[in-house]
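Okay, here's what each chain looks like letter by letter:
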Amino acid sequence: MTSPIVRFAPSPTGRLHIGNARPALLNYLYALAHNGRFVLRFDDTDLARSSEEFAQAIEVDLSWLGVAPHLTLRQSRRVALYDAAAGALRDSGQLYPCYETPDELEKRRKLQQARGLPPVYDRAALRLTADERARLEAEGRRPHWRFRLEPGVVAWRDLVRGDCAIDCASLSDPVLLREDGSYLYTLPSVVDDIDVGITHVIRGEDHVTNTAVQIRLFEALAPAHRPPVFAHHNLLVGSSGEALSKRSGALSIGSLREEGYEALAVAAVAVLTGSSDSVHPIRSLAELAKEFDLAHLSRNAARFDPADLGSLTHRTLARLDYDDVRERLEAHEIVGFKAEPFWLAVRGNLTRFADVLEWWRVVEGEIAPVREDADLLAAALASLPQEPFDETTWGAWTAALKATTGRKGKALFHPLRLALTGAENGPELSLLLPLIGHARAAARLAGG
Ligand code: GLU
């Protein structure tokens, strides 16, 4: 198989949210798994609703998620290609002008429904004579343009949904151009897919019916080529089944980032929800790409519980190695010989990555020790071993203290933890003590 070329094609009319991060990631993982390329295409032909700010924000969000496009395109700069394709379809009679107003179309639909007929456009415009068209134009009407669908059944083998078939008799000839000459999504998408050589179209199942129309367009515009392979994934919905777009503010990738969720946790939730794989922590997108297959996706809606993001962030951090986070630690000035053992000590105790700052203060900075049981602390100070400390120091020290003070369990460990770290809970003290070191430990036990 030649290496695949996939694309993610958002309209830059809002922020990326976890629901539309799903196709972005599914495409990217497909490219990673098959040594392919990933194209980011901004579907920005709707100039009134699209903005450069949203396009840039989408790029930032994708990059945070770890999605790195090989190529980025903007449809608004490619209109000449669409004009050429529309021209060719006009010349061959496959694109025809229609003059009905929305009201007229609505009336016709109601009539068809009353007669029990499917609400499909009746192609009345194809029967207009040149005189009739001229008269309509003279009235000031501007045409919109419809693509004449070849009759018959369009069939494809969907990588998620298996064999699919749509009878064109159930579809209206789609409008490709509006009265004002602007393009709807359908034609530019196919023209770009052909131009860029897209081999796989991976997108939400809300596009299934578009696929029949688009395959017909591929056949009309590139008869010598096979249309791409299609994969229509189930959509993420809220835990009670509601569409995510309604809550996209809270679930925008930008706000999830600000709340401190891990990008890898967001990616795991976005990809694995509604699949036969459990939602589990991942170490990298490359690792997820190896194990994931589009065929694992279910046909049912993918119910997503935002609470998963918190626990998955915690579990993701616990699995990351020092090399995975070295740069992020450096950005917080967590550097030097202690940085790696520090990470290994604290990674299992983080709700958010930013919690490392608190723990770094415990091992390298000032804390307010909490003093409980002054007698125990005095005995602990007196028996604190000399350096060098290692992971056995804590065990040996507390075993001796248990023998001399008679304290055990919580009565022994809790006051020591409070004095040494200032916190009720935290990482293993056998790992923290060598990082805190003798001087700090002694000062904290002494109440300093
Ligand atoms: N701009 C379209 C959307 O966001 C792209 C759909 C497609 O992938 O073809 O729904």
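Because the structure is a prediction, the values reported are computed rather than measured.

Q: Any chance you could explain the overall build of the chain here in plain terms?
A: When helices and strands are counted, the chain shows 18 helices and 12 strands. The C-alpha radius of gyration of the chain comes to 31 Å, more than 25% above the 22 Å expected for a compact globule of 448 residues. By principal-axis analysis of the C-alpha atoms, the chain measures approximately 110 × 45 × 40 Å. Here the chain holds 448 residues, and 45% of them are scored as buried. Counting only contacts in the chain whose residues sit at least 6 apart along the sequence, the fraction spanning at least 24 positions is 76%. Surface accessibility of the chain: about 21300 Å² in total, with carbon and sulfur atoms responsible for 51%. Distance from the positive charge centre (52 side chains) to the negative charge centre (60 side chains) of the chain: 4 Å.

Q: What's the story with helix H18 (residues 429–445) in this structure? I'm lost.
A: Helical periodicity: at 3.6 residues per turn, an α-helix aligns residues three or four positions apart in one direction. Compared with an ideal rise of 1.5 Å per residue, which puts 17 residues at 24 Å, H18 spans 14 Å between its outermost C-alpha atoms and falls more than 12% short. Helix geometry: H18 is bent most strongly at Gly-437, by close to 100°. For H18, the full list of buried residues reads Leu-429, Ser-430, Leu-432, Leu-433, Leu-435, Ile-436, Gly-437, Ala-441, Ala-442, Arg-444 and Leu-445. Remark: Gly-447 follows H18 within two positions and exhibits a positive phi of approximately 95°.

Q: What exactly am I supposed to notice about the pairing of strand E10 (residues 229–233) here?
A: The side chains of a regular strand alternate between both faces of the sheet. Counting buried residues in E10 gives four out of five residues, a clear majority hidden from the surface. Sheet topology places strand E9 (residues 200–204) next to E10; five bridges connect them, and they run parallel. Looking across to E10, one finds that Val-201 is bridged to Phe-230. In the classification by handedness, the crossover that spans E9, the intervening helix H7 (residues 208–221) and the parallel E10 is right-handed.

Q: Honestly, the pattern of salt bridges in this entry has me stumped. Any pointers?
A: Pairs can form between side chains of opposite charge once their charged atoms are near each other. For the structure shown, the criterion picks out 30 salt bridges. Here Arg-361 ties to Glu-358 by a salt bridge, and the two come within 3.3 Å at their closest N and O atoms. Highlighted residues: Arg-361 and Glu-358, both in helix H14 (residues 356–364), separated by three residues, approximately one helical turn. Residue Arg-361 is classed as partly exposed on the basis of its relative accessible area, which comes to 38%. One salt-bridge network, in which partners are shared between bridges, spans Arg-7, Arg-41, Asp-43 and Asp-193.

Q: Mind showing me how you'd approach the site of the ligand here?
A: Around the ligand, the neighbouring residues are Arg-7, Ala-9, Ser-11, Asp-43, Tyr-185, Ser-189, Arg-203 and His-207. Measuring from an oxygen atom of the ligand, one finds a side-chain N or O atom of Arg-7 at 2.7 Å. In the model, an oxygen atom of the ligand is placed 2.5 Å from a nitrogen or oxygen of the Tyr-185 side chain. For the ligand, the accessible surface in isolation is 300 Å², of which the surrounding protein chains cover 78%. By residue class, the composition of the shell around the ligand is two nonpolar, three polar and three charged.

Q: Sorry if this is basic, but what is going on with unusual backbone geometry here?
A: Glycine aside, the phi torsion of most residues is negative, and most peptide linkages are trans. Omega for the peptide link from Glu-387 to Pro-388 comes to 5°, which places this bond in the cis form. Here Pro-388 shows up in the loop between helix H15 (374–383) and helix H16 (393–405). Located in the positive-phi region is Asn-35, a residue other than glycine, with phi close to 55°. Tracing the sequence through the fold places Asn-35 in the loop between helix H1 (18–33) and strand E2 (37–42).

Q: Teacher, can you tell me more about the packing of aromatic side chains here?
A: Two descriptors summarise a pair of aromatic rings, namely the distance from one centre to the other and the angle between the planes of the rings. Counted under the stated rule, the structure contains seven aromatic pairs. Between Tyr-82 and Tyr-183 the ring centres are 5.8 Å apart and the planes differ by 75°, which places this aromatic pair in the edge-to-face class. With Tyr-82 in helix H3 (residues 79–91) and Tyr-183 in the loop between strand E8 (175–177) and helix H6 (186–196), this residue pair connects regions lying 101 residues apart in the sequence. The residues Tyr-82 and Tyr-183 share a single accessibility class, namely buried. Among the aromatic residues, those joined into a ring-pair cluster are Trp-394, Trp-397 and Phe-413.

Q: I tried to follow the sheet that holds strand E5 (residues 144–147) on my own but got confused; where do I start?
A: Hydrogen bonding along the main chain pairs the strands of a sheet, whether they run parallel or antiparallel. What the three strands build is an open sheet, ordered E4-E5-E8; its pairing is antiparallel. Taken across any chain shown, the strands that pair with only one partner, and hence form the sheet edges, are strand E4 (95–98) and E8. Geometrically, the sheet is characterised by an average inter-axis angle of 45° between neighbouring strands, direction not taken into account. Summarising the sheet, E4 and E5 pair through four bridges and their orientation is antiparallel. Bridged to Cys-98 within E5 is His-144.

Cut-offs and rules
Residues numbered from 1 in each chain as written. Predicted model: local features only at pLDDT ≥ 70, side-chain atom pairs only at ≥ 80, totals over all residues. Heavy atoms only, no water. Helix = DSSP H or I, 4+ residues; strand = E, 2+ residues; numbered from the N terminus. Rg over C-alpha atoms; globule rule 2.2 N^0.38 Å. Buried < 20%, exposed > 50% of the residue type's maximum accessible area, 1.4 Å probe, protein only. Contact = heavy atoms within 4.5 Å. Areas by Shrake-Rupley, 256 points an atom, 1.4 Å probe, with all protein chains shown as cover. Lys, Arg positive; Asp, Glu negative; His and termini not counted. Charge placed at Lys NZ, Arg CZ, Asp CG, Glu CD. Expected span 1.5 Å × (residues − 1). Bend = angle between axes of the 7 residues up to and from the residue. Pairing = 2+ DSSP bridges. Right-handed = clockwise from strand over helix to strand, strands pointing away. Salt bridge = Lys/Arg side-chain N within 4 Å of Asp/Glu carboxyl O. Near = heavy atom within 4 Å. Polar contact = N/O pair within 3.5 Å; in protein donor to acceptor, adjacent residues only side chain to side chain. Nonpolar A, V, L, I, M, F, W, Y, C, P; charged D, E, K, R; others polar. Phe/Tyr/Trp six-rings, centres within 6.5 Å; stacked < 30°, edge-to-face > 60°. Axes fitted to C-alpha atoms, helices over the stretch in contact; angles between N-to-C directions.

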